[in-house]
Amino acid sequence: MEEIVNETVTIDEIKRFERNYNAELARGKVPAKVQFEYGWCLVRSPYTNDIKKGNILMEELLHGGSQEIKRDCLFYLGVGHFRLKNYTEALQFVKGLLQMEPNNHQAKDLEQVIKRKMNKDGLVGIAMIGGAAVVVGGIVAAGMALAKGK
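Structural notes, computed from the coordinates.

The rules we used
- Residues numbered from 1 in each chain as written.
- Predicted model: local features only at pLDDT ≥ 70, side-chain atom pairs only at ≥ 80, totals over all residues.
- Heavy atoms only, no water.
- Phe/Tyr/Trp six-rings, centres within 6.5 Å; stacked < 30°, edge-to-face > 60°.
- Helix = DSSP H or I, 4+ residues; strand = E, 2+ residues; numbered from the N terminus.
- Buried < 20%, exposed > 50% of the residue type's maximum accessible area, 1.4 Å probe, protein only.
- Lys NZ or Arg CZ within 6 Å of the ring centre and 35° of its normal.
- Expected span 1.5 Å × (residues − 1).
- Contact = heavy atoms within 4.5 Å.
- Core = buried A, V, L, I, M, F, W, Y, C linked by side-chain atoms within 4.5 Å.

## Quick notes on the packing of aromatic side chains
Here's step 1: The tally for this structure, following the rule as stated, stands at five aromatic pairs.
Here's step 2: Between the aromatic rings of F17 and W40, the centroid separation amounts to 6.0 Å while the plane-to-plane angle is 80°, which identifies the pairing as edge-to-face. Placement of F17 in helix α2 (residues 11-27) and of W40 in helix α3 (residues 32-43) is noted, with a sequence separation of 23 residues between them.
Here's step 3: On the basis of relative accessibility, which here comes to 10%, the residue F17 falls in the buried class.
Here's step 4: Arranged with centres 6.2 Å apart and planes meeting at 70°, the rings of F36 and Y76 form a pair that is edge-to-face. Here F36, found in helix α3, pairs with Y76, found in helix α5 (residues 67-83); they are 40 residues apart in sequence, far enough to count as distant. The residues F36 and Y76 share a single accessibility class, namely buried.
Here's step 5: Joined through ring pairs, the aromatic side chains of F36, F75 and Y76 make up one cluster.
Here's step 6: Seen from the ring of W40, R44 lies directly overhead, with NZ or CZ sitting 3.8 Å from the centre.

## Observations concerning α3
Here's step 1: Look at α3: 16 Å from first C-alpha to last across 12 residues, which is about the 16 Å you get at 1.5 Å a residue.
Here's step 2: Taken as a whole, α3 has its buried residues at V34, Q35, F36, Y38, G39, C41, L42 and V43.
Here's step 3: Residues of α3 that are buried sit in contact with α2, α4 (48-62) and α5.

## Brief notes about the nonpolar core
Here's step 1: Within the largest apolar cluster, 25 residues are counted, with the highest numbers of intra-cluster contacts made by M58, F75, V79, F82, L110 and I114.
Here's step 2: Counting residues per element, this core draws most heavily on α5, at eight residues.
Here's step 3: In this structure, F17, C41, L42 and L57 belong to the second largest nonpolar core, which totals 10 residues.

Structure below.
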């Protein structure tokens, strides 16, 4: 599962899907499949703005696509938000998918990846707070020592 959240697409792939999307847009209506493919590509982009745009395209499809597209959108919204470090949102989308399909192994695996990352970052956050407290304590102690020395 780690490879799915870390997989990126090339600029050429992004351009190819973007051309297809824009051609359909120029015709007046983008088919759900074309919008999904472009969003899927953008969510796997190495660029943050592309991932955000991909998430928007996926969210639009949640409101009118087939059950299959909704399922796939929920999954890739989980991936996209994970890649943006929006772990809470990523988890919400994956849980939505698991409500639809409780036995979806990819969703269960993604849920575990997200939870591990949240736990790791939580511990890192606590360690950073603790480290900051030590630094502040050291500054206060040094200030008190200087004050006593005068």
